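Each chain, letter by letter, is given below.
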Amino acid sequence: MTDFSLHPRLAADSHHVVDLPLCQVRLNDDARYPWLVLVPRRADIREVYELSGDDQATMWREASEIGRRLMAHYRGDKLNLATLGNQVAQLHLHVIARHADDPAWPGPVWGHSAPHPYTADSLASTLAELRGMLASLDPAAP
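The notes below deal with the structure included here. (Residues numbered from 1 in each chain as written. Predicted model: local features only at pLDDT ≥ 70, side-chain atom pairs only at ≥ 80, totals over all residues. Heavy atoms only, no water.)

## Let's talk about a negative patch on the surface
Now for step 1: Side chains of Asp3, Asp44, Glu47 and Glu50 sit close together on the surface and give a patch of like negative charge.
Now for step 2: In this structure, Asp44 sits in the loop between strand S3 (35–40) and helix H2 (53–74). (Patch = residues over 30% accessible without salt bridge, like charges linked within 9 Å, V, L, I, M, F, W, Y side chains within 5 Å. Areas by Shrake-Rupley, 256 points an atom, 1.4 Å probe, with all protein chains shown as cover. Salt bridge = Lys/Arg side-chain N within 4 Å of Asp/Glu carboxyl O. Lys, Arg positive; Asp, Glu negative; His and termini not counted. Charge placed at Lys NZ, Arg CZ, Asp CG, Glu CD. Helix = DSSP H or I, 4+ residues; strand = E, 2+ residues; numbered from the N terminus.)

## Remarks on the packing of aromatic side chains
Now for step 1: Taken as a whole, this structure holds 2 aromatic pairs when the rule is applied.
Now for step 2: Measuring from ring centre to ring centre gives 6.0 Å for Trp35 and Trp110, while their planes differ by 80°; the resulting arrangement is edge-to-face. Note that Trp35 is positioned in strand S3 and Trp110 in the loop between strand S5 (93–98) and helix H3 (120–134), a separation of 75 residues in sequence.
Now for step 3: On the accessibility criterion, Trp35 (6% relative accessible area) is buried.
Now for step 4: Here a set of aromatic residues connected by ring pairs shows up, and it is made of Tyr33, Trp35 and Trp110. (Phe/Tyr/Trp six-rings, centres within 6.5 Å; stacked < 30°, edge-to-face > 60°. Buried < 20%, exposed > 50% of the residue type's maximum accessible area, 1.4 Å probe, protein only.)

## Comments concerning the side chain of Arg32
Now for step 1: Inspection of the secondary structure assignment puts Arg32 in the loop between strand S2 (23–28) and S3.
Now for step 2: Here Asp30 takes part through its side chain, which lies 2.8 Å from a polar atom of the side chain of Arg32.
Now for step 3: A polar side-chain atom of Arg32 sits 3.2 Å from the main-chain carbonyl oxygen of Ala114.
Now for step 4: The contact partners of Arg32, leaving out residues within four places of it in the chain, are Pro103, His112, Ser113, Ala114, Pro115 and His116. (Polar contact = N/O pair within 3.5 Å; in protein donor to acceptor, adjacent residues only side chain to side chain. Contact = heavy atoms within 4.5 Å.)

## Quick word on unusual backbone geometry
Most peptide bonds are trans, and most residues other than glycine sit at a negative phi.
Now for step 1: Here the residue pair Trp105 and Pro106 is connected by a cis peptide bond, since its omega of 0° sits within 30 degrees of zero.
Now for step 2: As for its placement among the helices and strands, Pro106 is situated in the loop between S5 and H3.
Now for step 3: You will see that Asp44, though not glycine, has its phi angle at about 60°, which is positive.
Now for step 4: Of the residues examined, Asp44 reaches a relative accessible area of 74% and is grouped as exposed.
Now for step 5: Positive phi values are uncommon outside glycine, yet Arg75 reaches one of about 50°.
Now for step 6: Positionally, Arg75 belongs in the loop between H2 and strand S4 (78–82).
Now for step 7: Assessed through its relative accessible area of 70%, Arg75 is described here as exposed.

## Some points on the pattern of salt bridges
Now for step 1: Under the definition given, this model contains 6 salt bridges.
Now for step 2: Taking the shortest distance from any N to any O, the salt bridge between Arg42 and Asp55 comes out at 2.7 Å. A residue pair is termed long-range when its members are at least 10 positions apart, and Arg42 in the loop between S3 and H2 and Asp55 in helix H2 qualify at 13 residues.
Now for step 3: Classification of Arg42 by relative accessible area gives partly exposed; the value is 24%.
Now for step 4: For Asp55, a relative accessible area of 13% corresponds to the buried category.

So far we have only geometry, and geometry alone does not tell us how the molecule works.
Here is the structure:
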């Protein structure tokens, strides 16, 4: 994992939350949605199939548990999981708790409208909230 580096666009558009055994968890900088991005800490990976079988399973477990927690905490109506990569080729998985009254519903959040970045205060409180929510996360558990 020493060769891992985060794509500059992912770094610019999101904020570090926590590092899990495989993925770095980042908060997308759009305060309208509970939207996390998981980036496997592996060098030069663009597609899921490029990960080892063990890493694929770990990424899925991490995303599933984070999604479950996001849905419970934010009382989401639908969980969106997606790997697009059309603008940033580095493999990253979006985990978004959607609400039927969010601005993009029922369509996708991508390209809907300009993001609403977090203010300094709301970013600090949201990061603290997420870190607390994910503190007990055990992605290695079956």
